[in-house]
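Structural features, examined
Here is how the chains run, residue by residue.
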Amino acid sequence: MSDVIIGLEVHCQLNKLNSKLFCGCSTRQQGLEPNVMTCPVCLGLPGALPVINKKAVEYAIMVGLALNCKIAEHTQFYRKNYYYPDLPRGFQITQYDYPIAFDGVLTVDTDGEERPIRIRRVHMEEDPGRLVHQGSIETSKFVLVDYNRSGMPLLEVVTEPDLRSPKEARRFINKLRNILEYLDVFDGSLEGALRVDANVSLKGGARVEIKNISSYKGVERALLFEISRQQNMRRRGIRVVQETRHYDDERNCTITLRTKEQAEEYRYYPEPDLVPLAVKSWESELKGRLPELPDAKRERFKRQYGISDSHAKVLTAEIRVANYYERVAERCDPRMAATWVADYLKGELNYRDRDIRDAFPPEKMVYILEQLSNGTITDKGAVEVIRALLDEGGDPKDIILARNLAKVETDITRAAVAEVLKENQAAIMDYKAGKAQAFNYLVGMVMKKTGGRADPAEVNLLLRESLECT
Amino acid sequence: MAISVKDVKHIASLACIDLDEAQEERFARQFNSILEYFKELDGLNTEGVEPTYHVIGLNNVFREDVVEPSLPQEEALRNAPKKEKGYFKGPRIV
């Protein structure tokens with residue numbers, strides 16, 4: 001896929017703010033009735049005047065700094081004119097020339113290689129309303145409009161066309177999301193918090209814009225679909241036209257919205273109701289308020305806890321996982337904690353398509369690891385406790401009791417070994433004849449007899465002792 | 001001159017305005033005379049003059065991130081020509 005060229009425009013709602021970008025309406029709108037979080041400003045009523053949320057500007061600068069951008073000396077807003085029912089005024093207040101942050105870079109891990117992806121700009125804008133189509137976007141006769149979302153503070157992060165595969169695009173978006181969550185300006189788990197437009201072309205071909213991809217997984221899927229569409233056309237000698245396509249998540253395909261001939265002309269002009277901003281002087285103070293970001297935390301984890309780079313990477317990608325790990329690591333062996341949080345817990349969560357927020361509290365993990373260290377349970381038992389906690393909840397102590405996960409005593413293991421040896425004369429003969437599998441078979445039989453609760457290392461030892469002595 | 005009737009039609013369609021033929025010609029004439037008038041500015045020497053972004057000469061007007069009451073739903077929808085189940089109802093798009 002080396003001839004694939006992808007650039008992204010990622011829209012992120014600054015949904016940790018209390019109020020909208022230009023008015024005092026609340027940003028908390030999950031599960032609300034339509035049109036209950038509006039006012040004359042975000043409904044675009046005549047004469048209403050927007051005033052910018054100071055904290056939104058601070059957040060925008062912090063994001064710019066975290067993405068290694070330059071912060072503008074002078075920044076201002078424009079009106080972007082187009083008619084669409086999601087815009088109550090017939091224009092969107094956004095930035096055009098003079099975005100608040102520009103010329104940044106974010107490195108993305110692509111199969112072991114860290115590649116820099118250049119950030120062209122980061123700008124502030126208001127979210128339009130939400131449209132509800134009756135039926136699909138192609139066939140619906142009219143739209144229903146909910147302006148609760150109108151005026152939600154958005155940041156648009158625009159990359160240079162530096163991404164080379166759908167997978168790399170997904171990783172970029174994940175990293176961006178993680179950084180925004182580190183900065184505590186964004187909650188990516190809320191519906192519609194992050195929406196992506198992607199520009200895709202094959203080297204030498206026309207550029208197609210895919211609009212309105214609204215899920216993290218949708219980005220990779222939409223790009224894969226669009227790339228294979230363009231490759232098929234090229235193979236059949238059909239020219240790809242420059243156009244905008246809409247991604248349909250349910251059917252996993254892209255459909256034509258408009259071709260270049262009807263391209264939008266937005267007639268941008270400076271927003272006269274908002275005065276320009278001169279906020280570069282805030283830069284140093286905000287820089288001081290930036291938290292430790294993923295790359296720095298990864299280095300510290302390696303240094304402080306002596307864990308591997310791959311563990312440190314998994315543990316620091318998301319701020320919540322990093323915090324979880326540190327709470328376990330301060331009370332257990334940090335390397336053991338790394339294995340159990342990064343490999344086992346994350347693995348079980350991924351398998352269930354769940355977030356660390358839906359896991360059990362770190363204190364329970366500490367308890368499990370203590371039981372593991374003092375030999376009460378086996379690795380296998382610990383995994384079972386983790387699974388049970390995730391699926392049914394409860395207390396690890398009770399789970400160990402109820403499921404009989406405590407390791408069986410040595411004399412029980414010893415008895416099981418003796419029984420197995422008595423019952424499997426043939427295998428013993430095979431073992432003595434030099435067949436290594438026969439030994440594994442015997443270990444398996446002992447484990448079976450003890451319901452998997454014997455310590456495999458101990459079983460090995462006891463079996464070998466007995467076999468050598470007979 | 002710069003603005004033709006075709007340009008006027010295009011601008012009218014972007015602005016969602018219907019014009020009749022007489023209006024199209026009249027607007028073309030008027031647009032041209034406006035542009036002609038602005039051309040006088042080209043004669044001025046603007047060497048070393050900072051661009052003007054805004055006429056009030058004010059910067060950095062903010063509000064704090066504080067929630068204020070919103071309108072009740074029926075107030076918000078009061079002037080809507082068409083509504084349904086608490087939504088504004090609009091024509092099909094795309």
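- Per an unreviewed UniProt entry, the recorded name for chain B is Aspartyl/glutamyl-tRNA(Asn/Gln) amidotransferase subunit C, and the organism is Methanocella conradii.
- In its Subunit (unreviewed entry) section, the UniProt entry covering chain B states "Heterotrimer of A, B and C subunits."

- Where an unreviewed UniProt entry is consulted, chain A appears under the name Aspartyl/glutamyl-tRNA(Asn/Gln) amidotransferase subunit B, with the organism given as Methanocella conradii.
- What UniProt records for chain A under Sequence similarities (unreviewed entry) is the sentence "Belongs to the GatB/GatE family. GatB subfamily."

A word on the overall build of chain A
- Helix and strand content of chain A: 15 helices and 15 strands.
- In terms of overall dimensions, chain A is more spread out than a globule: its C-alpha atoms have a radius of gyration of 29 Å, far above the 23 Å expected for 470 residues.
- Dimensions along the principal axes, computed over C-alpha positions, put chain A at roughly 95 × 55 × 40 Å.
- Counting across all 470 residues of chain A, residues that qualify as buried make up 53%.
- Counting contacts in chain A only where the partners sit at least 6 residues apart, residues at least 24 apart contribute 68% of the total.
- Looking at chain A as shown, the accessible area adds up to about 21100 Å², and 49% of this sits on carbon and sulfur atoms.

Quick word on the UniProt feature "domain: Asn/Gln amidotransferase" (unreviewed entry) in chain A
- The UniProt record annotates "domain: Asn/Gln amidotransferase" (unreviewed entry) at residues 323-467 of chain A.
- Measuring from the first to the last C-alpha atom of residues 323-467 of chain A gives 49 Å, for a span that is 73% helix and 0% strand.

Focus on the domain arrangement of chain A
- Structurally, chain A comprises domain 1 (4-286), domain 2 (300-394) and domain 3 (410-469).
- For domain 1 of chain A and domain 3 of chain A, the distance between their C-alpha centroids amounts to 63 Å.

Brief notes about the pattern of salt bridges
All names here are of chain A.
- In total, this model carries 49 salt bridges over all chains according to the counting rule given.
- Across the salt bridge formed by Glu 114 and Arg 298, the nearest N and O atoms sit 3.6 Å from each other. Remark: Arg 298 occurs in helix α5 (residues 294-305) and Glu 114 occurs in strand β7 (residues 113-126); sequence separation between them is 184 residues.
- Note that Glu 243 is salt-bridged to Arg 245, the shortest N-O span being 2.8 Å.
- For Glu 243, a relative accessible area of 8% translates into the label buried.
- The buried category is assigned to Arg 245, whose relative accessible area is 8%.

A few points about the side chain of A:Glu125
Residue and element names in this part refer to chain A.
- Mapping Glu 125 onto the fold places it in strand β7.
- Put simply, Glu 125 is tucked away with no salt bridge, and the nearest opposite charge, on Lys 80, sits 5.7 Å away.
- Looking at Glu 125, its side chain comes within polar contact range of the side chain of Thr 94, at 2.8 Å.
- Among the polar contacts made by the side chain of Glu 125, one reaches the side chain of His 123 at a distance of 3.0 Å.
- Beyond its immediate stretch of four places on either side in the chain, Glu 125 contacts His 11, Leu 21, Gln 92, Ile 93, Thr 94, Met 152, Pro 153, Leu 154 and Glu 156.

What about the packing of α5(A) against helix α6 (residues 309-317) of chain A?
All names here are of chain A.
- The N-to-C vectors of α5 and α6 enclose an angle of 135 degrees; their axes lie 9 Å apart at closest approach. Put simply, α5 runs oblique to α6. When you trace α5 past α6, the crossing you get is right-handed. The residues of α6 that touch α5, namely those facing Pro 294, Lys 297, Arg 298, Phe 301 and Lys 302, are Asp 309, Ala 312, Lys 313, Leu 315 and Thr 316.
- When its residues are assigned to classes, the contact of α5 with α6 shows 4 nonpolar, 1 polar and 5 charged.

Structural notes on the packing of aromatic side chains
Residue and element names in this part refer to chain A.
- Applying the stated criterion across every chain, the model contains 15 aromatic pairs over all chains.
- Note on Phe 301 and Tyr 305: the rings are 5.3 Å apart at their centroids and 80 degrees apart in plane angle, and the pair reads as edge-to-face. Of this pair, Phe 301 and Tyr 305 both sit in helix α5, 4 residues apart, roughly one helical turn.
- Taken together, the ring pairs in this structure connect Tyr 78, Tyr 82, Tyr 84, Tyr 96, Tyr 266 and Tyr 268 into an aromatic cluster.
- The aromatic ring of Tyr 266 is capped on one face by Lys 80, whose charged end is 4.3 Å from the ring centroid.

Analysis parameters
- Residues numbered from 1 in each chain as written.
- Chains lettered and ligands numbered in written order.
- Predicted model: local features only at pLDDT ≥ 70, side-chain atom pairs only at ≥ 80, totals over all residues.
- Heavy atoms only, no water.
- UniProt positions renumbered as here; feature names shortened; annotations may be inferred.
- Helix = DSSP H or I, 4+ residues; strand = E, 2+ residues; numbered from the N terminus.
- Rg over C-alpha atoms; globule rule 2.2 N^0.38 Å.
- Buried < 20%, exposed > 50% of the residue type's maximum accessible area, 1.4 Å probe, protein only.
- Contact = heavy atoms within 4.5 Å.
- Areas by Shrake-Rupley, 256 points an atom, 1.4 Å probe, with all protein chains shown as cover.
- Domains from an automatic or database assignment.
- Salt bridge = Lys/Arg side-chain N within 4 Å of Asp/Glu carboxyl O.
- Lys, Arg positive; Asp, Glu negative; His and termini not counted.
- Polar contact = N/O pair within 3.5 Å; in protein donor to acceptor, adjacent residues only side chain to side chain.
- Axes fitted to C-alpha atoms, helices over the stretch in contact; angles between N-to-C directions.
- Parallel < 35°, antiparallel > 145°, perpendicular 65-115°, else oblique.
- Left-handed = near helix turned anticlockwise from the far one by under 90°.
- Nonpolar A, V, L, I, M, F, W, Y, C, P; charged D, E, K, R; others polar.
- Phe/Tyr/Trp six-rings, centres within 6.5 Å; stacked < 30°, edge-to-face > 60°.
- Lys NZ or Arg CZ within 6 Å of the ring centre and 35° of its normal.

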